[in-house]
Amino acid sequence: MKVLYLIMGARNDLASRNIKSIFSNLFVPFQETYKGNNEFLFMFYDGGYDKEDIVDGNHIMTESNDDINGTFEKTIEALRMIDERNIHYDWLIRTNISQIINLPLFDEVLPTLESDKVYSQKNNVVVTEGKWKNNLYSRGDMFIMSWTTVHDILSVSQNFFGKP
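Treat the numbers as computed from the prediction; the structure is a model and nothing was measured. (Residues numbered from 1 in each chain as written. Predicted model: local features only at pLDDT ≥ 70, side-chain atom pairs only at ≥ 80, totals over all residues. Heavy atoms only, no water.)

Draft legend 1. Broad picture of the sheet that holds strand 6 (residues 119–120). Overall, mixed pairing links the seven strands, which are arranged 3-4-2-1-5-9-6 in an open sheet. Pairing within the sheet leaves two strands with one partner each, and these edge strands are strand 3 (53–55) and strand 6. Direction of pairing for strand 1 (residues 2–8) relative to strand 5 (residues 91–96): parallel, over a ladder of six bridges. In the sheet register, Tyr 5 faces strand 5, and the bridge partner there is Ile 93. The sheet contacts of helix 2 (residues 71–84) involve strand 1, strand 2 (39–46), strand 3, strand 4 (59–61) and strand 5, and relative to strand 1 the element is tilted by about 145°. (Pairing = 2+ DSSP bridges. Helix = DSSP H or I, 4+ residues; strand = E, 2+ residues; numbered from the N terminus. Contact = heavy atoms within 4.5 Å. Axes fitted to C-alpha atoms, helices over the stretch in contact; angles between N-to-C directions.)

Structure below.
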C-alpha cells in the first residue's frame, strides 16, 4: 500500500525548522532502513503564496491564508492539488508540525485499518446548543484516513470554504 504522510506547516522560521528536523531525523532514517512492503511518500504544505504549486516533489504551496483561520482551506487546497496531480496513495496521515507518527509501529498496524474509518489523535464533540450539538469530530492535530474518505471529503469541501 502507498501511504502519504502530509505535514501542515506554516511560513515562519519555527515551522520551517520543525519540518526540516522531521524530514532529516524521522523520514530520511526511516526510508534508509525500511524493509517493509509499503511505500511511503512524505510531503508538507503551507499557505499564503501568489500561486499554488508543488516544488521539490514534497512542498505544496497553497494560496489559502497561512494562519489558523485558514487551516481548513489550506488543507483542502493541498489535498485537491495532490488529487489533481494524480499523486496516488491508499492512506493519508495528516499531522501538524507538533505531531509525529511512530512509522515502524504504523507499518505494523496498517493492515488492520478499516478504510471507512477516520483515525485521529483526539475526538471532540460539540456541546453547545444548536445545529451541530452532539456531533463528534476528529481534531485536526493528526488524523489517518483512506484515499476514499479523502475523495469523499473533497467532493463536498467547497460547501464549507470561508465558514467558521
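Draft legend 2. Spotlight on the pairing of strand 1. Most of strand 1 is tucked away, with six of its seven residues classed as buried. Note that strand 1 and strand 2 share seven bridges and pair parallel. In the strand pairing of strand 2, Met 8 is matched with Tyr 45. Regarding the hand of the β-α-β motif, the stretch spanning strand 1, helix 1 (residues 13–33) and strand 2 is right-handed. (Buried < 20%, exposed > 50% of the residue type's maximum accessible area, 1.4 Å probe, protein only. Right-handed = clockwise from strand over helix to strand, strands pointing away.)

Draft legend 3. View of the pairing of strand 5. Most of strand 5 is tucked away, with six of its six residues classed as buried. As paired elements, strand 5 and strand 9 (residues 142–146) share five bridges and run antiparallel to each other. Following the sheet pairing, Leu 92 is matched in strand 9 by Met 145.

Such coordinate-based values are descriptive only and should not be taken to indicate function.
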